[in-house]
Amino acid sequence: MDPHDRRSRAASRLLTVLIMALVAVAGYYGIRGYNPALPALVRPVRITPQQEIAIGLQAAPAMAQRYGGLSADPEARQRVDRVCHDLVEKTEARRSPYDFDCHVLADTRTVDAFALPGGQVFVTAGLVARLPSDAGLAGVLGHEIGHVLARHGTQRIAETRIAPGLTGAAVLAAYDPADAASRRKAAIATLIGRLIDLRFSPREEAEADRLGARLAAQAGYDPLGAAQAMRLLEGADGRGARGGGT
Ligand SMILES: [Zn+2]
């Protein structure tokens, strides 16, 4: 992508995030208790939140392994735990059916963050190191929590074709997390493999940006920090347009 395109795309995204952040602040402080988000976010997918949580927990070790395991850095872990807690307990996210847990991945070179259905959220040590302000970290974690609330990953795997005539929705409909045989099924393993390679569409990324800015503002973090974090994420890993975003 040529530099001019990148700058204009980054500029328009920054403007979008700023406007959304201002709307989030106005919405939160102006009309406390007003909560347009959750109802509209519940997409009609024939997968229960319990199945989402279970499949996300089952996929989490494979995701961690992909990025060098979990970080042993106590400072980074405490910081991510604290900001994650704020983003869940101080916002509309606490009324969702999901169990949010944010993890730091040991990988110091990759600059990225990920979300699995049900609430497992990951950020690489490489990205945490580039986010000196908690507001920026709140922007990134809020974005990933937004993907979970909007069920982007769940929607994707529900539509995934596992085998001829077999979709992810059908596999998960038969999925019983309490049954070891069900967890070990080959189709579930395939699904998990797809989950950790999942890339979201520009529309899903824009929705996660809006939700991320709103959650960061509701949790009391500077919404501008969220915007700066998005810009960092935009350029850092050469993904450019984030059509193949995370
Ligand atoms: Zn994303």
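Each chain has its residues counted from 1, following the order in which its sequence is written. This being a predicted model, a pLDDT of at least 70 is required before a residue's local features are given, and a value of 80 or more before pairs of side-chain atoms are given or counted; all residues contribute to the totals for chains, interfaces and linings. Side-chain numbers here rest on the full set of heavy atoms in the structure, without hydrogens or water.

Draft legend 1. Summary view of the environment of T160. Secondary structure follows DSSP: runs of H or I at least 4 residues long count as helices, runs of E at least 2 residues long count as strands, and numbering of each begins at the N terminus. Mapped onto the elements of the fold, T160 is located in the loop between α7 (152–159) and β4 (161–163). Here the term buried applies to any residue with accessible area under 20% of the maximum for its type, exposed to any over 50%, and partly exposed to those in between, with areas from a 1.4 Å probe on protein chains only. The class of T160 is buried, set by a relative accessible area of 13%. For the pair T160 and L191, spaced 31 residues apart in sequence, the C-alpha separation works out to 8.2 Å. Two residues qualify as a contact provided that any one of their heavy atoms is within 4.5 Å of a heavy atom in the partner residue. Excluding its chain neighbours within four sequence positions, the residues that come into contact with T160 are L166, T167, G168 and R194. Any pair of N or O atoms that falls within 3.5 Å is considered a polar contact. Within protein, one atom must be able to donate a hydrogen and the other to accept it, and sequence-neighbouring residues count only if both atoms are side-chain atoms. Here R156 takes part through its backbone oxygen, which lies 2.9 Å from a polar atom of the side chain of T160.

Draft legend 2. The arrangement of the confidence of the model for the protein in detail. On a scale of 0 to 100, pLDDT captures the predictor's confidence in every residue. For the protein, per-residue confidence averages 81 on the pLDDT scale, and 77% of positions sit at 70 or higher. Long-range and interchain partners of residues 28–42, a stretch whose pLDDT sits below 50, account for 21 contacts in this model, where long-range means more than four residues apart. For the stretch residues 237–245, pLDDT sits under 50, and the model shows 30 contacts to residues farther than four places along the chain or on other chains.

Draft legend 3. Up close: the packing of aromatic side chains. Side-chain rings of Phe, Tyr and Trp (the six-membered ring for Trp) are treated as a pair once their centres are within 6.5 Å; stacked means planes under 30 degrees apart, edge-to-face means over 60, and tilted covers the remaining angles. Considering all chains together, one arrives at two aromatic pairs under this definition. Pairing Y98 with F100 gives two aromatic rings, centres 6.3 Å apart and planes at 80°, and the pair type is edge-to-face. Note on accessibility: Y98 and F100 belong to one class, buried.

Draft legend 4. Quick look at the nonpolar core. Grouped together as the largest cluster of nonpolar side chains are 34 residues, with contacts concentrated most on V80, L87, F100, L141 and I145. Elements with a minimum of two residues in this core: α4 (74–89), β1 (101–105), β2 (113–115), β3 (120–124), α5 (125–128), α6 (134–149) and α11 (202–218). The next biggest cluster of nonpolar side chains, apart from the first, holds 27 residues, and it includes A169, L195, I196 and L198. Residues belong to a common nonpolar core when they are buried Ala, Val, Leu, Ile, Met, Phe, Trp, Tyr or Cys residues joined through side-chain atoms within 4.5 Å.

Draft legend 5. Representation of the pattern of salt bridges in the model. Salt bridges are identified by distance alone: a Lys or Arg side-chain nitrogen within 4 Å of an Asp or Glu carboxyl oxygen. Applying the stated rule across the entire model yields eight salt bridges. Between D197 and R66 there is a salt bridge, with its nearest N and O atoms 2.9 Å apart. Within this pair, whereas D197 is found in the loop between α10 (186–196) and α11, its partner R66 is found in helix α3 (residues 49–66), the two being separated by 131 residues in sequence. Overall, D197 belongs to the partly exposed group, its relative accessible area being 45%. Between D134 and R82 there is a salt bridge whose closest N-O contact spans 2.9 Å. Here D134, found in helix α6, pairs with R82, found in helix α4; they are 52 residues apart in sequence, far enough to count as distant. Residue D134 is classed as partly exposed on the basis of its relative accessible area, which comes to 22%.

Draft legend 6. Region of interest: the state of the cysteines. Note on disulfides: each one is a pair of cysteine sulfur atoms within 2.5 Å. Applying the stated criterion across every chain, the model contains one disulfide. With its sulfur 2.1 Å from that of its partner, C84 forms a disulfide with C102. One disulfide, between C84 and C102, carries an S-S torsion of 60° and so falls in the right-handed class. Linking C84 in helix α4 with C102 in strand β1, this pair joins segments that are 18 residues apart in sequence. Exposure class is identical for C84 and C102. Each is buried.

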